[in-house]
Amino acid sequence: MLSMLQTLNGRFLLVLALVSASLIGCGEQNVRFNATDITGANYGQDFELVDSHGQLRTLEDFRGEVVMIYFGFIQCPDVCPTALMRAVEVKDALGPSGDKFRVVYITVDPERDTPEIVSAYLAAFDPGFVGLHPTMEELPEVAKSFRVFYRKVPTGDSYTMDHTATSFVYDTQGRLRLAVSHSMEVAPIVEDVRTLLQAAR
Amino acid sequence: MKKSLLGSILALAMAPLFAQVTVEDPWVRGTVPQQQATGAFMMLTAETDARLVAAESPVAGVVEIHEMAMENDVMKMREIPALDLPAGQTMELKPGGYHVMLMQLKEQMVGGTVVPITLIFEDSAGERFTQEIEARVTALGAAREGADKPMQHQHGHRH
(Lines give C-alpha, C1' and ligand atoms only; values in the text may rest on other atoms or scores of the structure.)
Protein backbone atom coordinates (compact mmCIF):
# COMPACT_ATOMS: atom_id res chain seq x y z
CA MET A 1 0.00 0.00 0.00
CA LEU A 2 2.70 2.33 0.99
CA SER A 3 4.65 1.54 -2.16
CA MET A 4 1.52 2.07 -4.31
CA LEU A 5 0.95 5.43 -2.73
CA GLN A 6 4.52 6.30 -3.38
CA THR A 7 4.11 5.32 -7.04
CA LEU A 8 0.93 7.35 -7.36
CA ASN A 9 2.58 10.19 -5.65
CA GLY A 10 5.48 9.86 -8.00
CA ARG A 11 3.17 9.87 -11.02
CA PHE A 12 1.26 12.81 -9.68
CA LEU A 13 4.50 14.74 -9.24
CA LEU A 14 5.59 13.81 -12.72
CA VAL A 15 2.28 15.04 -14.18
CA LEU A 16 2.48 18.18 -12.11
CA ALA A 17 5.99 18.77 -13.34
CA LEU A 18 4.93 18.30 -16.97
CA VAL A 19 1.93 20.61 -16.60
CA SER A 20 3.94 23.34 -14.96
CA ALA A 21 6.68 22.97 -17.56
CA SER A 22 4.16 23.50 -20.33
CA LEU A 23 2.66 26.46 -18.49
CA ILE A 24 6.07 28.04 -18.08
CA GLY A 25 6.58 27.31 -21.75
CA CYS A 26 3.58 29.45 -22.64
CA GLY A 27 4.78 32.27 -20.49
CA GLU A 28 8.45 32.36 -21.32
CA GLN A 29 9.61 30.26 -24.23
CA ASN A 30 7.25 31.74 -26.79
CA VAL A 31 8.80 35.14 -26.30
CA ARG A 32 10.98 35.74 -29.31
CA PHE A 33 13.30 38.68 -29.56
CA ASN A 34 14.98 40.29 -32.54
CA ALA A 35 18.07 41.11 -30.49
CA THR A 36 20.23 38.41 -28.94
CA ASP A 37 18.40 36.92 -25.98
CA ILE A 38 20.85 36.73 -23.09
CA THR A 39 18.29 36.08 -20.38
CA GLY A 40 20.00 34.37 -17.46
CA ALA A 41 23.44 35.80 -18.28
CA ASN A 42 25.65 35.96 -15.23
CA TYR A 43 27.28 39.28 -16.13
CA GLY A 44 26.05 42.86 -16.23
CA GLN A 45 23.92 42.23 -13.16
CA ASP A 46 24.06 45.69 -11.66
CA PHE A 47 26.15 48.82 -11.19
CA GLU A 48 26.78 51.29 -8.45
CA LEU A 49 28.02 54.47 -10.08
CA VAL A 50 27.78 58.22 -9.71
CA ASP A 51 25.66 60.01 -12.32
CA SER A 52 26.42 63.38 -13.95
CA HIS A 53 24.69 65.14 -11.05
CA GLY A 54 26.71 63.40 -8.34
CA GLN A 55 23.98 60.93 -7.31
CA LEU A 56 24.88 57.31 -6.68
CA ARG A 57 22.76 55.15 -8.98
CA THR A 58 22.02 51.42 -9.21
CA LEU A 59 19.70 49.42 -11.46
CA GLU A 60 17.18 49.40 -8.62
CA ASP A 61 16.52 53.10 -9.33
CA PHE A 62 14.96 52.16 -12.66
CA ARG A 63 12.57 49.39 -11.59
CA GLY A 64 9.45 49.44 -13.75
CA GLU A 65 11.41 50.73 -16.74
CA VAL A 66 13.10 48.93 -19.60
CA VAL A 67 16.71 50.07 -19.33
CA MET A 68 19.18 50.23 -22.20
CA ILE A 69 22.82 50.58 -21.19
CA TYR A 70 25.41 51.86 -23.64
CA PHE A 71 29.15 52.24 -23.07
CA GLY A 72 30.83 55.03 -24.98
CA PHE A 73 32.86 58.24 -25.04
CA ILE A 74 31.81 61.73 -26.00
CA GLN A 75 34.81 62.63 -28.19
CA CYS A 76 33.51 59.95 -30.52
CA PRO A 77 32.41 61.39 -33.87
CA ASP A 78 30.50 58.46 -35.16
CA VAL A 79 29.36 55.36 -33.32
CA CYS A 80 28.29 56.78 -29.95
CA PRO A 81 26.08 59.56 -31.32
CA THR A 82 24.64 57.09 -33.84
CA ALA A 83 23.74 54.68 -31.03
CA LEU A 84 22.24 57.48 -28.92
CA MET A 85 20.28 58.78 -31.91
CA ARG A 86 18.92 55.30 -32.46
CA ALA A 87 17.87 55.19 -28.80
CA VAL A 88 16.04 58.50 -29.25
CA GLU A 89 14.22 57.08 -32.25
CA VAL A 90 13.29 53.94 -30.31
CA LYS A 91 11.90 56.09 -27.51
CA ASP A 92 9.92 58.26 -29.95
CA ALA A 93 8.52 55.21 -31.73
CA LEU A 94 7.31 53.77 -28.42
CA GLY A 95 4.92 56.70 -28.07
CA PRO A 96 3.47 57.17 -24.58
CA SER A 97 5.26 54.05 -23.26
CA GLY A 98 8.53 55.72 -24.20
CA ASP A 99 8.39 57.12 -20.66
CA LYS A 100 9.22 53.63 -19.49
CA PHE A 101 12.29 53.32 -21.69
CA ARG A 102 15.46 54.55 -19.99
CA VAL A 103 18.82 55.03 -21.64
CA VAL A 104 21.87 54.82 -19.40
CA TYR A 105 25.24 55.89 -20.79
CA ILE A 106 28.38 54.66 -19.03
CA THR A 107 31.58 56.41 -20.06
CA VAL A 108 34.71 54.45 -20.94
CA ASP A 109 36.66 57.72 -21.02
CA PRO A 110 36.46 59.18 -17.50
CA GLU A 111 39.51 61.37 -18.19
CA ARG A 112 37.70 63.53 -20.74
CA ASP A 113 34.03 62.78 -20.07
CA THR A 114 33.43 65.22 -17.26
CA PRO A 115 29.93 65.38 -15.75
CA GLU A 116 29.42 68.78 -17.45
CA ILE A 117 30.25 67.48 -20.91
CA VAL A 118 28.25 64.28 -20.52
CA SER A 119 25.12 65.95 -19.13
CA ALA A 120 25.16 68.59 -21.88
CA TYR A 121 25.78 65.94 -24.50
CA LEU A 122 23.03 63.57 -23.38
CA ALA A 123 20.57 66.45 -22.94
CA ALA A 124 21.07 67.23 -26.63
CA PHE A 125 19.54 63.82 -27.33
CA ASP A 126 17.02 63.41 -24.53
CA PRO A 127 16.78 65.02 -21.09
CA GLY A 128 15.85 61.64 -19.59
CA PHE A 129 19.11 59.92 -20.59
CA VAL A 130 21.32 59.19 -17.58
CA GLY A 131 25.12 59.47 -17.69
CA LEU A 132 27.22 57.39 -15.33
CA HIS A 133 30.81 58.13 -14.42
CA PRO A 134 33.06 55.36 -13.22
CA THR A 135 36.36 56.66 -11.88
CA MET A 136 39.54 55.53 -13.63
CA GLU A 137 39.90 53.03 -10.78
CA GLU A 138 36.33 51.76 -11.11
CA LEU A 139 36.29 51.49 -14.89
CA PRO A 140 38.22 48.20 -15.31
CA GLU A 141 35.94 46.48 -12.81
CA VAL A 142 32.73 47.88 -14.35
CA ALA A 143 33.83 46.88 -17.86
CA LYS A 144 34.74 43.41 -16.65
CA SER A 145 31.40 42.97 -14.90
CA PHE A 146 29.62 43.78 -18.18
CA ARG A 147 32.14 41.90 -20.35
CA VAL A 148 32.74 45.15 -22.17
CA PHE A 149 36.01 45.72 -23.97
CA TYR A 150 37.68 49.13 -24.09
CA ARG A 151 41.13 50.34 -24.99
CA LYS A 152 42.78 53.69 -25.29
CA VAL A 153 44.42 54.17 -28.71
CA PRO A 154 46.67 57.14 -29.46
CA THR A 155 45.82 59.24 -32.52
CA GLY A 156 47.50 62.51 -33.46
CA ASP A 157 48.56 63.98 -30.13
CA SER A 158 45.31 62.80 -28.59
CA TYR A 159 43.62 59.43 -28.30
CA THR A 160 40.49 57.57 -29.25
CA MET A 161 38.78 54.64 -27.54
CA ASP A 162 38.09 51.22 -29.00
CA HIS A 163 35.06 49.89 -27.19
CA THR A 164 32.19 47.44 -27.27
CA ALA A 165 29.27 49.10 -29.03
CA THR A 166 26.64 46.61 -27.87
CA SER A 167 23.66 47.98 -25.95
CA PHE A 168 22.36 45.93 -23.02
CA VAL A 169 18.64 45.84 -22.36
CA TYR A 170 17.02 45.06 -19.00
CA ASP A 171 13.41 44.20 -18.27
CA THR A 172 11.27 46.13 -15.81
CA GLN A 173 12.48 43.84 -13.01
CA GLY A 174 16.09 44.80 -13.65
CA ARG A 175 17.02 41.48 -15.23
CA LEU A 176 19.47 41.54 -18.13
CA ARG A 177 17.57 40.25 -21.18
CA LEU A 178 19.04 41.43 -24.50
CA ALA A 179 22.28 42.30 -26.23
CA VAL A 180 21.56 44.74 -29.05
CA SER A 181 24.20 44.95 -31.74
CA HIS A 182 25.28 48.34 -33.09
CA SER A 183 24.03 47.43 -36.54
CA MET A 184 20.47 46.73 -35.44
CA GLU A 185 17.78 49.03 -36.82
CA VAL A 186 15.20 50.98 -34.83
CA ALA A 187 12.03 48.97 -35.63
CA PRO A 188 13.16 45.55 -34.33
CA ILE A 189 14.44 47.17 -31.14
CA VAL A 190 11.10 48.93 -30.64
CA GLU A 191 9.39 45.56 -31.04
CA ASP A 192 11.63 43.99 -28.39
CA VAL A 193 11.14 46.84 -25.93
CA ARG A 194 7.37 46.59 -26.43
CA THR A 195 7.54 42.86 -25.73
CA LEU A 196 9.42 43.51 -22.49
CA LEU A 197 7.00 46.25 -21.43
CA GLN A 198 3.98 44.08 -22.20
CA ALA A 199 5.41 41.14 -20.23
CA ALA A 200 5.54 43.43 -17.22
CA ARG A 201 1.80 44.09 -17.20
CA MET B 1 60.57 74.76 -76.87
CA LYS B 2 57.58 76.59 -78.24
CA LYS B 3 55.78 73.34 -78.70
CA SER B 4 56.44 72.17 -75.16
CA LEU B 5 55.31 75.53 -73.81
CA LEU B 6 52.12 75.17 -75.76
CA GLY B 7 51.88 71.66 -74.36
CA SER B 8 52.22 73.01 -70.84
CA ILE B 9 49.56 75.61 -71.42
CA LEU B 10 47.29 72.99 -72.85
CA ALA B 11 48.00 70.71 -69.92
CA LEU B 12 47.21 73.49 -67.48
CA ALA B 13 44.03 74.35 -69.30
CA MET B 14 43.01 70.71 -69.36
CA ALA B 15 44.03 70.01 -65.80
CA PRO B 16 40.82 70.97 -63.98
CA LEU B 17 38.93 68.52 -66.14
CA PHE B 18 41.22 65.72 -65.18
CA ALA B 19 41.65 66.46 -61.51
CA GLN B 20 38.30 67.31 -60.18
CA VAL B 21 36.44 65.97 -57.23
CA THR B 22 32.76 66.61 -56.68
CA VAL B 23 31.85 67.08 -53.05
CA GLU B 24 28.24 66.54 -52.11
CA ASP B 25 26.32 67.12 -48.93
CA PRO B 26 29.18 67.93 -46.56
CA TRP B 27 28.13 68.15 -42.91
CA VAL B 28 29.72 68.30 -39.50
CA ARG B 29 28.24 66.78 -36.38
CA GLY B 30 27.42 69.38 -33.76
CA THR B 31 29.20 69.40 -30.39
CA VAL B 32 28.63 70.56 -26.85
CA PRO B 33 30.91 73.13 -25.15
CA GLN B 34 34.31 71.66 -24.18
CA GLN B 35 33.93 68.78 -26.60
CA GLN B 36 37.27 68.43 -28.36
CA ALA B 37 36.44 66.38 -31.40
CA THR B 38 33.82 65.66 -34.00
CA GLY B 39 33.47 64.28 -37.50
CA ALA B 40 32.82 65.75 -40.94
CA PHE B 41 30.94 63.65 -43.47
CA MET B 42 30.37 64.03 -47.21
CA MET B 43 30.27 62.26 -50.55
CA LEU B 44 33.27 62.48 -52.84
CA THR B 45 33.36 61.60 -56.52
CA ALA B 46 36.61 61.97 -58.44
CA GLU B 47 36.56 62.29 -62.21
CA THR B 48 39.87 60.52 -62.48
CA ASP B 49 41.64 58.40 -59.90
CA ALA B 50 42.59 60.50 -56.91
CA ARG B 51 43.13 60.20 -53.19
CA LEU B 52 42.06 62.32 -50.27
CA VAL B 53 45.36 62.72 -48.43
CA ALA B 54 44.70 65.43 -45.86
CA ALA B 55 42.33 68.10 -44.68
CA GLU B 56 42.55 71.34 -42.74
CA SER B 57 40.11 73.60 -41.01
CA PRO B 58 40.44 76.84 -39.07
CA VAL B 59 38.13 75.42 -36.39
CA ALA B 60 40.38 72.46 -35.57
CA GLY B 61 43.99 72.18 -34.43
CA VAL B 62 44.34 68.73 -35.93
CA VAL B 63 42.43 67.15 -38.80
CA GLU B 64 42.79 63.51 -39.75
CA ILE B 65 41.12 61.06 -42.11
CA HIS B 66 39.62 58.22 -40.15
CA GLU B 67 38.17 54.85 -40.80
CA MET B 68 35.74 53.23 -38.44
CA ALA B 69 35.37 49.49 -38.23
CA MET B 70 33.30 47.08 -36.21
CA GLU B 71 34.86 43.82 -35.09
CA ASN B 72 32.56 41.61 -33.03
CA ASP B 73 30.56 44.72 -32.15
CA VAL B 74 33.71 46.43 -30.89
CA MET B 75 34.12 49.87 -32.42
CA LYS B 76 37.57 50.73 -33.69
CA MET B 77 38.54 54.05 -35.18
CA ARG B 78 41.86 54.58 -36.91
CA GLU B 79 43.63 57.25 -38.88
CA ILE B 80 44.29 56.23 -42.47
CA PRO B 81 47.06 57.77 -44.61
CA ALA B 82 44.70 58.42 -47.52
CA LEU B 83 41.29 57.57 -48.88
CA ASP B 84 41.33 56.21 -52.42
CA LEU B 85 38.81 57.80 -54.78
CA PRO B 86 38.56 55.59 -57.88
CA ALA B 87 37.37 57.51 -60.94
CA GLY B 88 33.64 57.97 -61.20
CA GLN B 89 32.90 56.10 -58.00
CA THR B 90 31.15 57.97 -55.21
CA MET B 91 32.91 57.42 -51.90
CA GLU B 92 30.64 58.15 -49.04
CA LEU B 93 32.15 59.44 -45.82
CA LYS B 94 29.39 58.56 -43.42
CA PRO B 95 28.81 57.32 -39.87
CA GLY B 96 29.94 53.72 -39.66
CA GLY B 97 32.62 54.18 -42.30
CA TYR B 98 35.00 57.02 -43.10
CA HIS B 99 35.05 60.54 -41.73
CA VAL B 100 37.22 63.59 -41.58
CA MET B 101 38.08 63.84 -37.90
CA LEU B 102 38.23 67.38 -36.53
CA MET B 103 40.26 67.44 -33.30
CA GLN B 104 41.39 70.10 -30.86
CA LEU B 105 38.30 72.07 -31.71
CA LYS B 106 38.71 75.77 -31.09
CA GLU B 107 35.01 76.43 -30.70
CA GLN B 108 31.71 74.66 -30.23
CA MET B 109 30.15 73.34 -33.43
CA VAL B 110 26.73 74.95 -33.31
CA GLY B 111 23.89 73.57 -35.41
CA GLY B 112 23.13 75.63 -38.52
CA THR B 113 26.54 77.30 -38.72
CA VAL B 114 28.99 76.64 -41.51
CA VAL B 115 32.52 75.28 -41.14
CA PRO B 116 35.16 75.85 -43.81
CA ILE B 117 37.27 72.81 -44.59
CA THR B 118 40.13 72.48 -47.05
CA LEU B 119 40.39 69.07 -48.64
CA ILE B 120 43.76 68.08 -50.02
CA PHE B 121 43.77 65.56 -52.83
CA GLU B 122 46.46 63.85 -54.84
CA ASP B 123 45.97 62.79 -58.43
CA SER B 124 47.41 59.58 -59.89
CA ALA B 125 50.60 61.44 -60.87
CA GLY B 126 51.08 62.37 -57.21
CA GLU B 127 50.26 66.01 -57.82
CA ARG B 128 48.32 67.69 -55.06
CA PHE B 129 45.31 69.93 -55.46
CA THR B 130 43.08 71.45 -52.87
CA GLN B 131 39.45 72.24 -52.56
CA GLU B 132 37.66 74.55 -50.19
CA ILE B 133 34.29 73.37 -48.97
CA GLU B 134 31.74 74.68 -46.56
CA ALA B 135 30.16 72.06 -44.34
CA ARG B 136 26.96 72.76 -42.50
CA VAL B 137 26.84 71.84 -38.83
CA THR B 138 23.97 69.51 -37.98
CA ALA B 139 22.79 70.03 -34.42
CA LEU B 140 23.77 67.21 -32.09
CA GLY B 141 20.81 64.91 -31.59
CA ALA B 142 18.94 66.28 -34.60
CA ALA B 143 16.84 63.69 -36.37
CA ARG B 144 18.63 61.62 -38.99
CA GLU B 145 21.75 63.62 -39.27
CA GLY B 146 22.87 64.37 -42.76
CA ALA B 147 19.65 63.21 -44.39
CA ASP B 148 17.51 66.28 -44.03
CA LYS B 149 19.46 68.88 -45.92
CA PRO B 150 19.32 69.95 -49.53
CA MET B 151 22.11 68.59 -51.69
CA GLN B 152 25.10 70.83 -52.06
CA HIS B 153 27.45 70.40 -54.96
CA GLN B 154 30.91 71.80 -54.70
CA HIS B 155 33.64 71.32 -57.25
CA GLY B 156 37.34 71.22 -56.79
CA HIS B 157 39.93 72.93 -58.93
CA ARG B 158 43.59 72.50 -59.43
CA HIS B 159 45.58 75.26 -57.79
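Further up the page is the structure itself.
Residues numbered from 1 in each chain as written. Chains lettered and ligands numbered in written order. Predicted model: local features only at pLDDT ≥ 70, side-chain atom pairs only at ≥ 80, totals over all residues.

A. A look at the environment of Ser181 of chain A. Along the polypeptide, Ser181 of chain A turns up in the loop between strand S10 (176-180) and helix H5 (186-199). Classification of Ser181 of chain A as partly exposed rests on a count of 13 C-beta atoms within 10 Å. Each C-alpha atom, one on Ser181 of chain A and one on Phe125 of chain A, is 20 Å from the other, the two residues being 56 residues apart in sequence. Excluding residues that lie within four positions of it along the chain, Ser181 of chain A makes contacts with Thr166 of chain A together with Asp73 of chain B. (Helix = DSSP H or I, 4+ residues; strand = E, 2+ residues; numbered from the N terminus. Buried ≥ 20, exposed ≤ 12 C-beta atoms within 10 Å, placed from the backbone. Contact = placed C-beta atoms within 7 Å.)

B. Representation of helix H2 (residues 79-93) of chain A within the structure. Residues and elements named next belong to chain A. Across its 15 residues, H2 extends 21 Å between first and last C-alpha, which sits within 8% of the 21 Å expected from 1.5 Å per residue. The complete set of buried residues in H2 reads Val79, Cys80, Pro81, Thr82, Ala83, Leu84, Arg86, Ala87, Val90 and Lys91. Where H2 ends, the next residue or the one after it, Gly95, has phi of about 65°, a positive value. (Expected span 1.5 Å × (residues − 1).)

C. Local environment of the sheet that holds strand S4 (residues 66-72) of chain A. Residue and element names in this part refer to chain A. Taking strand neighbours across the sheet as the criterion, the six strands line up as S1-S10-S9-S4-S5-S6 in an open arrangement whose pairing is mixed. Every interior strand has two partners, whereas the edge strands, strand S1 (36-37) and strand S6 (130-132), have only one. Bridging between strand S9 (residues 167-170) and S10 involves four bridges; their strand directions are antiparallel. From the neighbouring strand, Ser167 faces S10, where its bridge partner is Val180. (Pairing = 2+ DSSP bridges.)

D. Representation of the nonpolar core. In this structure, Ala35, Val104, Tyr105, Ile106, Tyr121 and Val169 of chain A are the most contacted members of the largest nonpolar core, which totals 58 residues. Judged by nonpolar contacts, the second largest core, of 33 residues, contains Trp27, Val28, Met42 and Leu44 of chain B. (Core = buried A, V, L, I, M, F, W, Y, C linked by C-beta atoms within 7 Å.)

E. Seen up close, the interface of chain A and chain B. Taken residue by residue, the interface counts 28 residues in chain A and 27 residues in chain B. At the level of elements, H2, helix H3 (115-125) and strand S8 (158-164) of chain A are the ones that each hand at least two residues to the side of chain A that touches chain B. The dominant element in the side of chain A that touches chain B, judged by the number of residues it contributes, is H3 of chain A, at six residues. Considering only residue class, the side of chain A that touches chain B consists of 13 nonpolar, 11 polar and four charged. (Nonpolar A, V, L, I, M, F, W, Y, C, P; charged D, E, K, R; others polar.)

F. Examining the pairing of strand S10 (residues 128-138) of chain B more closely. Residues and elements named next belong to chain B. Inspection of the sheet shows strand S1 (residues 21-29) paired to S10 by three bridges, in the parallel sense. Each residue of the ladder has a partner; that of Arg29, found in S10, is Thr138. As judged from the nine bridges shared by strand S9 (residues 114-123) and S10, these two strands associate in the antiparallel manner. Residue pairing in the sheet places Ile117 in a bridge with Ile133 of S10. Hairpin connection from S9 to S10: four residues lie between these consecutive antiparallel strands, with Gly126 at a positive phi of about 85°.

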